[in-house]
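The primary structure of each chain is shown beneath.
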Amino acid sequence: MVFRSCWKSRHKNVSGAAGPRWIRPGLAALLWFCVTQFVCGAVGETKNVVQKDAEFDVTYNDTVTSENQTIYAFNHTISRNKTEGVRVTVDVLSQGLESPILFVVRQKQAVLSFQVPLILRGLYQRKYPYNHVGRTLCQPPTRALSETQYFFVDVSTLSSQGTNYQLRVSRVESFTLQTDKKFSFTASPSQPQYFKYVFPDGVDTVIVKVNSDMTFPCSVMSVQDIQCPVYDLDNNVAFIGMYQTMTKKGAITVQRKDFPSNSFYVVIVVKTEDEACGGPLRFYPLRPDELIDAGNRSKAIDVMVSPAINSEVYVMGMLFCLGIFLSFYPLTLLMACVENKRIKKRDLLQIPADTSPAETGKIPGVQYEYGSFADNGSTLSSEAITDSATSTDNNYGYIERSLDSVGRSRQESLSSVEEDDYDTLDDIDSDKNIVRTKKFLYVSDLARKDKRILSKKYQIYFWNIATIAVFYALPVVQLVITYQTVVNVTGNQDICFYNFLCAHPLGALSAFNNILSNMGYVMLGLLFLLIVLKRDIIHNRAMVRNDLNALVRLTPTQECGIPKHFGLFYAMGTALMMEGLLSACYHVCPNYTNFQFDTSFMYMIAGLCMLKLYQKRHPDINASAYTAYACLAAVIFFSVLGVVFGKGNMVFWIVFSVIHILATMLLSTQLYYMGRWRMDSGVLRRIVNIIYTDSIRQCSGPLYIDRMVLLVMGNIVNWSLAAYGLIERPNDFASYLLAIAICNLLLYFAFYIIMKMRSGERIQCLALVCILFTAVVWGFALYFFFQGLSTWQKTPAESREHNRECILLSFFDDHDIWHFLSSIAMFGSFLVLLTMDDDLDTVQRDKIFVF
C-alpha cells in the first residue's frame, strides 16, 4: 500500500512502444528511487512523483514542494568517434527559501547532485549563495560504435512552500577542443566549464594555454583524466589531476604518457574569492552563518591547446648548449698559445745575446754572490758561501740557504712549517707596526712571509670550499627531488614558480631547459680551474728553476711581480661550478623557500673575488680561510633569517641594519690600519684620543688618503643600502643581501683599476680585452635578467602574468639566456682578476704600490 503511494504518477499514459524506451534502461535507478520513497513512507511521509519525458534545448518552468517530486527523463545517442557534451542549467526564481532545491542527475555510470541555491565557502567559512547554476555532465566512454544512453534529472525539496525553478538541458557545441584553435567561453563559481581534448596522432606533448583580459575574479585551470566524476567546483578541483590558479594567464604542459586514454579534460573553475590570486578580501562576516552576496563573478576566458616541442628540439637545445661552452676550450687554448709565444719573445729580448736563460737564471737588479768556477762550473768559493750565508741585511727574517739546499725541490713537505713561526719574536712584531703603518707602502712591505707558508695557507680556501660544497649540495639535491615528487604526485602547479609558457619537461623534471642552461657555470668553472692549474704549474717550475740557479734567496725588495698564490683562484673556480649545480637545483622547483640555494654561492663568489683583489697587494695580512668562510656563513645565516622572518618585520630590519653598519665600521678600521689595531677595553679611549689630537687640537688630514677615499665611499654606499633596507623592507631579502655584496665588489674593483692607472701601471692587451668583453656581456646579461619571467614575491597566479614564450630555438627563454651570458661574464671576470696584474711580472716589488 505504501509502495503504491510512492508511485502516483499524474503523467498521461504513454503507448506500449514508448514505455520500454525509458523504463528498461532506467529500471535499476527507478528501483533505487522507489526504495528510498518506501523508507520515507515508513515514517509516515508520502510524495507525488511525476516523471516527464524531456527534450534538449527546452526550458522547463515548474514548481516543487516537499509533497511532490519531478523526474525529467532524457535520452541521447553517443558515438565512439564523437563526443558530445551535455549541460544542465538551473535557475531558482523564488526568494527567501526555507530549504534549497536538490537536483540529482542519474547517468549510466555516474551520479551528479547539487543544491540550488548553491552555497560555496570561502576563507573563514564565509558562505556565498548562487541561484544560477550550470553543470556539464560527465560523458562515460562507450565501446559500441553508436549507443543510446538515458539519464534522469530528479528535482526535490524539503520546503513546504512552492519553489519556482527553471531547468534547461542542452548540448555543448565544440565540447572537444581542436589543436591550435582558440575557443572562448564564460565561467563563474556556480557555472564551471570543462572540455575534452584528444591527442592527435604523432603528438606526445601539448601545452594548454588559458588567457583572459580580466585579472579578477581569480580562477583555477585543471587538467584531469577522462573519468567520472569530474571535479569542477572550487572546493574539489584540487582533488585529482594537475591544477594552477590564474588571473590573466595560465599554461600546463601535458604529456600523453600520463593519460592512458590519450585524452583529458580541461577544467576551468572561478573561485569564490580573489585572495589566492593576490586580490583584496572585500567581505568580512558579521555572523558565522550570514550569507554574503558575491556579486557578478563571471569571467571571459580563451583556451587553446598547441603541440609542444618534439624530441628534435630537445636534441638541438642540448647540442647548442654544449657547443657554446665547449667552444671556449679551443679558444682558450689558442689564446694561451699566443700568450706563451709573446712571453717567450719578451724574455728573449731581455736576455743578452751571448747568454742563455738556463745559464744564468738572473733577475735584473739582484746581486748574486758566486764563487770562482772552474771551466766546468763545478767548484765554488767557500768564502763567498760563508759571506752569503752570514749576511742578514734587509732580509726581513728570511734564512739564507747553504749550498746543500740549493737543489732542493720546492715541493718538500710543509707540514712542519707554520705561519706563526715567523711572527714570534718581539722585534718582528715591532717591525710590523713600523712597516705596515708607513705612509707609502709597497708590495715588498706586505710580502715578507715565506711563500711556501702562504701558499699552503691559501690552499685551505680550496679544500674548505670543496668540503662545504659536498655537505651543502647533498641535502639540497635530496630536497629538490622531494619538491619535484610532491608536484608530480599532488598536481599542484602553484608550488613551483616556472615560466609555464616555456617549461619543457623531461622525465620527472618539469622545466628541463632551465636546468640545462646552468651547464655553462659548471663547464666554464672547470675551464677556469684548468687555466689556473696551468699557471700554477708554470709558476712552480719557474720557482724551482730559480732555486736551482740562484745561490742566494731573493729578498722581498728584489723579487718581481705580484705574489703568485693560486688557492683563492681554485676556490673561485669551484664556487662557479657549485653555483651552476645549485642554480640547477633551484630551478627544479623555484620558489621562495629554496631561493637561497641559488644565492648562497653567489655570496661566496662575491666574497672570494673581494678577498682575491685584496690579497694581490696584501698577501701577508689577508684573511685566513677559516675567518673568511665564517663571515660568509654569517651572511648565509642572515639570509635564512631574512627569508623566514624578514618579510615586513620591522624589528628584524632594525637589528640587521645596526649589524650591517657596525660590521662596515669595523672592517673599515681594519683596512685603514692594515690590521695594526686591537679590539680591547681601551679601544674607546684610543678613539677619543685620536679624535682629540687630530681633529680638535690640530686640524690634520688623514695619513692614508687613498685608503680613506675608498673607505669613505664604501661607508656611504653601505649606510645608504642599510637605510634603504630599513625604509623599504624589500620582500626579497636574499637579493637585497646579494646586492650589498655586488655593490661592494664593484666599488673595490673600480677603486683598484683607478689606483692602478694612477700609479703609472698599465693593463696588458689580454687583460684589457677581457675587461671590455666582460663588461659588454654583463650588460646584455643584466638586460635579460631584468625581464622577470616569474617572481615568487607575488602569488603564483600573479607570477604567471609575467610568463612569456621561448625566444631561442623554441627551447630557451629569457632567463636561460641570462644563465648563458652570466656564466660567460663570471668566467670573464675571473680572467680579469687572473691577468690584470701581468704587467708587473718584471717590476720589483719595492716599486709596486699598495692601495
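Preceding this paragraph is the structure being described.
Model, not experiment: these values are computed from the prediction. (Residues numbered from 1 in each chain as written. Predicted model: local features only at pLDDT ≥ 70, side-chain atom pairs only at ≥ 80, totals over all residues. Heavy atoms only, no water.)

## Focus: the pairing of strand 5 (residues 101-106)
No. 1: Among the 6 residues of strand 5, 5 are classified as buried, and the element is accordingly described as predominantly covered.
No. 2: In this sheet, strand 6 (residues 111-116) lies alongside strand 5 in antiparallel orientation, the contact comprising 6 bridges. Bridge assignment links L102 to a residue of strand 6, and that residue is Q115.
No. 3: In this structure, the hairpin formed by strand 5 and strand 6 is closed by a connection of 4 residues.
No. 4: Pairing between strand 5 and strand 10 (residues 146-157): 6 bridges, direction antiparallel. (Buried < 20%, exposed > 50% of the residue type's maximum accessible area, 1.4 Å probe, protein only. Helix = DSSP H or I, 4+ residues; strand = E, 2+ residues; numbered from the N terminus. Pairing = 2+ DSSP bridges.)

## Focus on helix 14 (residues 625-645)
The α-helix advances 3.6 residues per turn, and as a result positions three or four apart in sequence lie on the same side.
No. 1: Taking 1.5 Å of rise per residue, the 21 residues of helix 14 would be expected to cover 30 Å, and the 30 Å separating its terminal C-alpha atoms lies within 8% of that figure.
No. 2: Among all positions in helix 14, only A625, A628, Y629, L632, I636, F638, S639, G642 and V643 are buried.
No. 3: On its buried face, helix 14 is in contact with helix 9 (451-490), helix 12 (567-588), helix 13 (595-617), helix 15 (650-672) and helix 18 (733-758). (Expected span 1.5 Å × (residues − 1). Contact = heavy atoms within 4.5 Å.)

## Let's talk about the sheet that holds strand 4 (residues 85-92)
No. 1: Sheet architecture is open: 4 strands sit in the order 2-11-4-9, paired in antiparallel fashion. What marks the edges here is a single partner per strand, and that holds for strand 2 (59-64) and strand 9 (132-136). Neighbour to neighbour, the strand axes of the sheet diverge by 20 degrees on average, direction disregarded.
No. 2: Both strand 4 and strand 9 contribute to a ladder of 5 bridges, which runs antiparallel. Paired with D91 across the two strands is H132, which belongs to strand 9. (Axes fitted to C-alpha atoms, helices over the stretch in contact; angles between N-to-C directions.)

## A look at the pattern of salt bridges
No. 1: Here the structure, examined in full by the defined rule, presents 20 salt bridges.
No. 2: Across the salt bridge formed by D258 and K257, the nearest N and O atoms sit 3.2 Å from each other.
No. 3: You can call K257 exposed: its relative accessible area is 57%.
No. 4: The salt bridge partner of D837 is K756, with a shortest N-O separation of 2.7 Å. (Salt bridge = Lys/Arg side-chain N within 4 Å of Asp/Glu carboxyl O.)

## Concerning the packing of aromatic side chains
No. 1: As enumerated under the stated definition, the model contains 54 aromatic pairs in all.
No. 2: Plain terms: the ring middles of F328 and F827 are 6.0 Å apart, the flat faces sit at 85 degrees to each other, and that makes the pair edge-to-face. Here the residue F328 occupies a position in helix 5 (residues 328-350), and F827 occupies one in helix 21 (residues 814-835), the gap between them amounting to 499 residues. For the pair F328 and F827, a shared accessibility class is recorded, and that class is buried.
No. 3: With 5.1 Å between their ring centres and 80 degrees between their planes, F656 and F733 make a pair best called edge-to-face. Taken as a pair, F656 in helix 15 and F733 in helix 18 lie far apart in primary sequence, 77 residues in all.
No. 4: In this structure F656 comes out as buried when scored by relative accessible area, which is 6%.
No. 5: For F733, a relative accessible area of 2% gives the class buried.
No. 6: Each member of the aromatic cluster is reached from another via a ring pair, and the members are F637, F638, F652, W653, F656, Y724, F733 and Y736. (Phe/Tyr/Trp six-rings, centres within 6.5 Å; stacked < 30°, edge-to-face > 60°.)

Don't take any of this as a statement about function, it's just geometry.
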